[in-house]
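Working through the structure, step by step
Residue strings, one per chain:
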Amino acid sequence: MNTETSQMPSGIVSGWKGLQIWQKVLIGLVLGAATGFMLGEHATALYPVGKAFIAAIKMLVVPLIFVSLVCGVIAIKDVTRMGRIGIKTFTTYIITTAIAIPIGLALAVWLEPGVGMNLGNAAGMDVKEAPSIIDTLLGIIPTNPFAAFATGNVLQIILFAIFLGIAINLTGEKAEPVRKVFDAFADVMYRLTDLVIAFAPYGVFALIATTTGQYGLDVLLPLGKVILGVYLGCFLHAVVTLGGGLALLARLNPIPFFKGIFEAQLVAFSTTTAAGTLPVTMACARENLGVSRDVSSFVLPVGTTINLDGTALYQALTAVFIAQAYGIDLGMAEYGMILLTAILASIGTASVPGGGLIVLSLVLTSVGLPLEGVALVAGIDRILDMARTTINVTGDAAVSVLIAHSEGELDKNIYYQKAV
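Remember, it's a predicted structure, so these values are computed and weren't measured experimentally.

Thresholds, definitions, all that
Residues numbered from 1 in each chain as written. Predicted model: local features only at pLDDT ≥ 70, side-chain atom pairs only at ≥ 80, totals over all residues. Heavy atoms only, no water. Core = buried A, V, L, I, M, F, W, Y, C linked by side-chain atoms within 4.5 Å. Buried < 20%, exposed > 50% of the residue type's maximum accessible area, 1.4 Å probe, protein only. Helix = DSSP H or I, 4+ residues; strand = E, 2+ residues; numbered from the N terminus. Contact = heavy atoms within 4.5 Å. Phe/Tyr/Trp six-rings, centres within 6.5 Å; stacked < 30°, edge-to-face > 60°. Expected span 1.5 Å × (residues − 1). Salt bridge = Lys/Arg side-chain N within 4 Å of Asp/Glu carboxyl O. Axes fitted to C-alpha atoms, helices over the stretch in contact; angles between N-to-C directions. Parallel < 35°, antiparallel > 145°, perpendicular 65-115°, else oblique. Nonpolar A, V, L, I, M, F, W, Y, C, P; charged D, E, K, R; others polar.

Soluble globular proteins: nonpolar side chains tend toward being buried together. In terms of nonpolar packing, the biggest core is built from 108 residues, with Phe182, Phe257, Val291, Val299, Ile338 and Val401 touching the most fellow members. Examining the composition of this core, we find that 14 residues originate from one element, helix α3 (residues 47-75), more than from any other. Excluding residues within four positions of it along the chain, Val299 makes contact with Ile85, Thr89, Tyr93, Val399, Ser400 and Ile403.

Within the secondary structure, Glu334 sits in helix α16 (residues 332-348). Separated by 14 residues in sequence, Glu334 and Val320 have C-alpha atoms that sit 9.9 Å apart.

All told, the structure shown has 8 aromatic pairs when counted by the stated rule. Each ring, one from Tyr231 and one from Phe269, has its centre 6.4 Å from the other, and the planes form 80°; the classification is edge-to-face. One end of the pair, Tyr231, is in helix α10 (residues 224-249); the other, Phe269, is in helix α12 (residues 262-271), with 38 residues separating them in the sequence. Among the residues examined, Tyr231 registers a relative accessible area of 27% and is labelled partly exposed.

What follows covers helix α14 (residues 293-306). With 14 residues, α14 extends 20 Å between its outermost C-alpha atoms, agreeing within 8% with the 20 Å of an ideal straight helix rising 1.5 Å per residue. Where burial is concerned, most of α14 is hidden: 12 out of the 14 residues are buried. Every buried residue belonging to α14 is among Val295, Ser296, Ser297, Phe298, Val299, Leu300, Pro301, Val302, Gly303, Thr304, Thr305 and Ile306, and all of these are buried.

Now for the pattern of salt bridges. Scanning the entire structure with this criterion turns up 5 salt bridges. Here Lys88 ties to Glu407 by a salt bridge, and the two come within 2.7 Å at their closest N and O atoms. Highlighted residues: Lys88 in helix α4 (residues 79-111) and Glu407 in the loop between α19 (381-406) and α20 (412-415), separated in sequence by 319 residues. Taking the relative accessible area as the measure of exposure, Lys88 reaches 25% and is therefore partly exposed. The class for Glu407 is buried, based on a relative accessible area of 14%.

So, on to unusual backbone geometry. Positive phi is not limited to glycine here, since Glu112 has a value of about 50°. As for its position among the elements, Glu112 is in the loop between α4 and α5 (133-139). With relative accessibility at 38%, the residue Glu112 sits in the partly exposed group. Non-glycine residue Arg251 carries a positive phi angle of around 55°. Mapping Arg251 onto the fold places it in the loop between α10 and α11 (254-260).

Moving on to the packing of α10 against α19. Close contact between α10 and α19 brings their axes to 10 Å; oriented N to C, the two are set at 5°. The angle between the axes of α10 and α19 places the two elements in the roughly parallel class. Across the interface between the two elements, Val226, Ile227, Val230, Tyr231, Cys234, His237, Ala238, Leu242, Gly245, Leu246 and Leu249 from α10 touch Ile383, Leu384, Met386, Ala387, Arg388, Ile391, Thr394, Gly395, Ala398, Val401, Leu402 and His405 from α19. Residues that form the contact of α10 with α19 fall into these classes: 17 nonpolar, 5 polar and 1 charged.

Here it is, written out as structure tokens:
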């Protein structure tokens with residue numbers, strides 16, 4: 001009896017070690033949700049554990065984006081090829097975002113989440129002004145690259161990394177030592193990423209427990225239709241747009257794709273940061289989906305900045321919700337303005353803290369809706385952010401597969417290993 005008892009812990013530990021990381025993260029997510037419901041607000045005591053995980057993830061973001069992009073550009077020695085991949089990447093990201101917005105609009109019209117809602121006097125809130133398109137374009141150019149690294153200005157880091165990679169290629173043989181340094185630096189960053197991701201199940205457990213305990217059902221029910229609409233829209237976009245795109249454009253079975261990216265989706269869902277999930281997304285794209293290192297190193301870091309399918313869908317749905325809540329009718333012209341503004345504003349404010357609410361304020365202003373409406377969704381923004389971040393990451397991965405396939409750099413043997 002004593003022998004059996006003493007063997008149980010080692011058996012449990014052995015079983016835990018035998019699980020794949022996505023299985024551990026899923027267990028952490030489920031247990032975290034259950035713990036949050038049981039402990040209620042007391043679950044916030046677990047938040048430091050989740051915050052430590054997010055901090056460790058953020059620690060990786062800037063150096064990983066920089067070194068991955070430099071290595072990606074270096075690997076594409078043909079300037080013409082790099083330009084071709086860049087155009088494909090940007091165009092595909094814009095198209096998927098443009099498709100996501102009508103899905104959000106249609107669901108808002110169908111579900112009517114704001115119809116009959118008694119707002120009273122909506123409490124206003126201080127929302128930062130979104131930057132203009134000109135300021136955004138000028139702001140991409142880093143006057144001081146080191147300041148961009150220090151402040152985490154992703155757009156400036158991306159531009160500097162691309163220019164540096166091009167300069168290394170143009171320098172030729174003399175830059176070979178620099179090339180080797182960046183290749184080694186990339187390998188070190190990927191190993192560091194593995195160490196941090198090993199902590200993911202515990203971080204996810206703490207984050208989900210805190211979120212569930214903080215919001216509970218009482219807060220979710222009044223805005224249930226908004227939450228349902230965003231989650232349903234993200235699901236439809238993932239299956240129909242992204243999955244359908246893989247099937248039609250690349251002639252690939254989308255099921256292995258969703259299996260292969262599942263781990264990154266779990267991390268994105270719990271951390272609500274696409275940039276922070278980048279290390280996991282890159283690992284999934286290479287190891288589970290067969291995307292070449294060259295393509296993934298270029299396409300995925302860019303996607304974390306300009307590809308915001310879930311965010312754009314969220315903007316469209318919540319804008320219509322706010323209009324319905326205030327009894328304001330929207331016509332085709334207003335819907336068209338929402339479409340255009342959501343695309344441009346999502347790209348322009350991707351690196352701004354609190355970007356979701358900032359973009360929403362800009363969308364509301366473009367169609368003459370009251371900015372006080374932002375306060376309506378601010379309380380559940382974390383819940384909505386979990387869904388939109390997940391679909392943002394899924395879109396990044398799907399586009400990387402499409403680009404890799406179009407360039408003949410997709411290992412289908414790796415891709416279909418998840419089919420079994």
